[in-house]
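# Topology and contacts: notes
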Amino acid sequence: MSYEKQTIPVRYDQKDETICLLFSYHGNLLSDVPTDTSHPIYQALNLQLENSVDANLLSDLIGYENFEKLRQASWNFGKPCSIPPCFIEHYGNWDISCYPTKLNDTASILVNFTPSSITTGTQLKNSFQIAADATGIGVWDIRFIDDPRSLTESECFTNLLDNHFIFFSQVAKQILGIEINKPITWRTIWDRIHPDDQVTFEQFFTANIFYDIRLNFDCRIADMQNQYKWYTIRGQTLTDQSGLLLRMSGSLIECTEQKEMIHSVVEAENTKKLALEASGIGVWTGNLDSGYWQWDNNVKRIMNIESASVGKLQDWTQYIHPDDFIELKKGLNQAIAELGQLSVEVRVKDKTRQYKYVHIKGNVTTDVISKVNRIDGICHDTTAHRIAEKRMSELNEALEKTVKKRTMELIQARDLAESGSMAKSNFLAMMSHEIRTPMNGVIGALDLVENTPLNAEQNDLIETAKTSALNLVDILNDILDLNKIEAGKMELEFIPVSISATVDNVINMFTAISESKNVELRLEEDNALPDWVNTDPVRLRQILINFISNAVKFSSTNNEKKGIVSVTAKVDQQHSLGQQKSIVFTVSDNGIGMDKKTVERLFTPFTQAEASTTRKYGGTGLGLAICARLCEMLGGQIEVQSEVGEGSTFTIRLPLWETSHDSDLSAIFGVNVAIIGALEENKVQWLKTRLEQLNADVSIVSNITNDTLSDYEMIILLATGQNESEIDKELSDLPVTEAQKIVLVCPRQFKQSLWAKHPSIQILANNPLTRYSLEKINMKDTQVITENTPHHTEKIVNKAVDKTPIAENLTNSPSTILLVEDNPLNQKLLLKQLSVIGYSADVASDGEIGLQLFSENQYKIVFTDCHMPKMDGYTLSKNIRAFEKEHNTAPVPIIAITGAAMTGDKEKCIESGMSDFLSKPIETHKLKEMVEKWHERNSDL
């Protein structure tokens, strides 16, 4: 519908600046607006007319929300009404009312604009609103169109909830968590009020409207996250002079913290009350101004009071012992004078005329002007505590006597145990020396005989005797190791160790032994193993040797099955953290196995599966016990799985710290390597990965031609499933040049014969192939002597010097070696061993003679026993070092030769000035190594 603007006079009351304009139901302006006037409404209308057409001009003027309020309040412009003050931007606040009318039979409304004396909307500027906002108080206001008291209470409350003529300040909306620009009514809040508080909300609002009872209550209202908070709502109605209800205004404050505080105080008070009642503690208060005292039932019971709970001081102190009452008065006066605390224990007579102990405590307080006016305190029966204290004192006295007695007994037992342990250690040290000394003669003599021309049967007998003697020495070493561990004297040396080198060394020790027993020795090494770790190399090697030795010992090949021993070394990534790696060694065999009971006592010293095991396989049962304790000292553990007739699996877990170590670059660094030949796919990949770790450029070549191999500097030929003649032919037919290096991986039994035919190649045994052997591959033409070469293997197995006597060093010149030894047999043996390796020596039977000979001659090495009459080896060493210092001569190497092998023996030798340590029994090849190590260092002497 469109409207034509009519020339309708405008009512303008200059007295109160009220104007009346005619609008259609849709807000179209029907009146003319003067342009030459200063009235704010006219100016606002003219501005609107300049910027837009006059369609719904009323809505643009007073705002859509107020236009809707006006339309709803007048029942769609069907009856007169007014709405709360409206804010017109730049022109202030206006009271607006409307009256339905007709213009040319067309429904219209007459709208009055009157300046409002009440500030409303979002631009409230009165000082009360500013003050409320500053203090965090929300303000709300409702304007009533009709007097709500003309309705029933229920209808009135419904009308209140749905009244749109309502204002909430920005602070009120912020407190409620409502958007500032969102229009709300009390209905919006009602829907979020806790159900238990809605009745209170309704009753307080209706009571305020109908009975003028002040609006002041607390309720819970949910925020936007549906979390209830406490709010205090206050308000009051406002009427005109005739008593007509115009509006209701009030405030809104969140009081959750106050409620929680009050709740906590009430809970604490209740808890204190319950605690006091449960503990039997009485509470009392004294008013110092009136002289009256109050007490609870617990005080009456404790103090034996029969009167009421209020009285004078004498009423609840009448049964206190006279002497204690004086102390109570004294303490009370002192507390009042010093504004301090009262604490005194008194005796109170009970109904049986017996005294009990009561502890009275109090605290003096002052009023607001700092005047002392009261004392609050407690009292509790301490009789049971006193009795317990007395009993405890008696028990403590008796306990002290018992402890003192037991301590003396323990000291005596400790001293006895220590003396026994010391006696055992001394006995073992003495027995070690006494056993090693003749064993030195036995092994040394056998060693010398072995280097003489013998037939096969004689060689076999000598080897048997020598092996038996060395086994006896091993047993002695095991006993000494166990004694060190039990005495707590076993010390570990943590240095950088190569796991690969250690595994390689141990495996090569058992290759010949396992082959002699026809036992297959398998090895699997994880390429994730760190290159270097910090640990004790001697003890790690000892653990591995013991477990592999047992596995080989208890495995054998027969008609039913082939003996197999499998060794694995890997990293347990799940239990590793950073540089601390969990290294897992596993040794498995398919030997005799063990039952559950045997496994449970397996690590007990001197224990084997059964007596027949010792008779059949030998051994003392000490090895595993020592290994278990060494693993514990290294921070690791051992696990065992075994089944009779099926074999055993030992798992050793050691936490080892990865470390760096200065070492030379790999010889195959940057070398192009081709892998050819047949091998299991997983092993080929393992080999490729290991070579790449050594920084080689590796390829797997299947089609072998001159062209395919010409670009590679090194060819690794895998020939693990062929016989010797097939391997020999394949090496001869290999299309390579002299500049290309060939590395052959083949069975161990073909190494020596193939190397004799092809001396320029390097040969690695594949049964087993170790990671360390790959590190020793080089690009030179000559064969590298490693533990995998035939030469070195023979050296490890035989450990013997050349059987041809050496005499190059024997001349008529004075001896360059001084031997100080008190045992004639050892003198004779050592001189013979030195003669075999090409040296002569002067002999002294004790330290005094040795010192005299040293002062008269020039020697390159001094070998000395440690335990001798007159002057022992330690004293001799110190005197020699003093002589050298006095005469300003270069120090001569002093080598200790002793049968002692206890903890600290080697350190004692070094501290006394000795250079090295050689333990009896002494084998010729070890003596030769020691001489070669030190003798040539003093070639200028």
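Calculation notes
- Residues numbered from 1 in each chain as written.
- Predicted model: local features only at pLDDT ≥ 70, side-chain atom pairs only at ≥ 80, totals over all residues.
- Heavy atoms only, no water.
- Pairing = 2+ DSSP bridges.
- Helix = DSSP H or I, 4+ residues; strand = E, 2+ residues; numbered from the N terminus.
- Contact = heavy atoms within 4.5 Å.
- Axes fitted to C-alpha atoms, helices over the stretch in contact; angles between N-to-C directions.
- pLDDT = per-residue confidence, 0-100.
- 1 Å grid on protein atoms, 1.4 Å probe; cavity = no way out; pocket = protein on both sides within 12 Å on 5 of 7 lines; lining within 4 Å.
- Points joined across faces, edges and corners; volume = space filled by probe spheres on them.
- Nonpolar A, V, L, I, M, F, W, Y, C, P; charged D, E, K, R; others polar.
- UniProt positions renumbered as here; feature names shortened; annotations may be inferred.
- Buried < 20%, exposed > 50% of the residue type's maximum accessible area, 1.4 Å probe, protein only.

For the protein chain, an unreviewed UniProt entry supplies the name histidine kinase and the organism Catenovulum sediminis.

Turning next to the sheet that holds strand S16 (residues 372–381). The six strands are arranged S13-S12-S11-S16-S15-S14 in an open sheet whose pairing can be described as antiparallel. Each end of this open sheet is capped by a strand with a single partner; those strands are strand S13 (310–311) and strand S14 (341–349). Both S14 and strand S15 (residues 355–366) contribute to a ladder of nine bridges, which runs antiparallel. Directly across from Val344, in S15, lies its bridge partner Ile360. Its contacts with the sheet put helix H12 (residues 322–338) on strand S12 (293–295), S14, S15 and S16, and the angle it makes with S14 is roughly 165°.

Of all residues in the protein chain, 82% have pLDDT values of 70 or greater, and the mean over the chain is 80. In the model, residues 119–125 has pLDDT below 50 throughout and makes 13 contacts with residues more than four positions away in sequence or in other chains. Per-residue pLDDT stays below 50 along residues 782–812; that stretch engages in 57 contacts with residues further than four places along the chain or on separate chains.

Considering all chains together, one arrives at three cavities of 30 Å³ or more under this definition. Estimates place the volume of the second largest cavity at around 40 Å³. Every element with two or more residues in the lining of the second largest cavity is listed here: helix H11 (313–317) and H12. Tallied by class, the residues present in the lining of the second largest cavity amount to eight nonpolar, no polar and no charged.

Under the local residue numbering, the UniProt record ascribes the feature "modified residue: 4-aspartylphosphate" (unreviewed entry) to Asp865. Among the secondary structure elements, Asp865 is positioned in strand S31 (residues 861–865). Asp865 gets classed as buried once you look at its relative accessible area, which sits at 1%.

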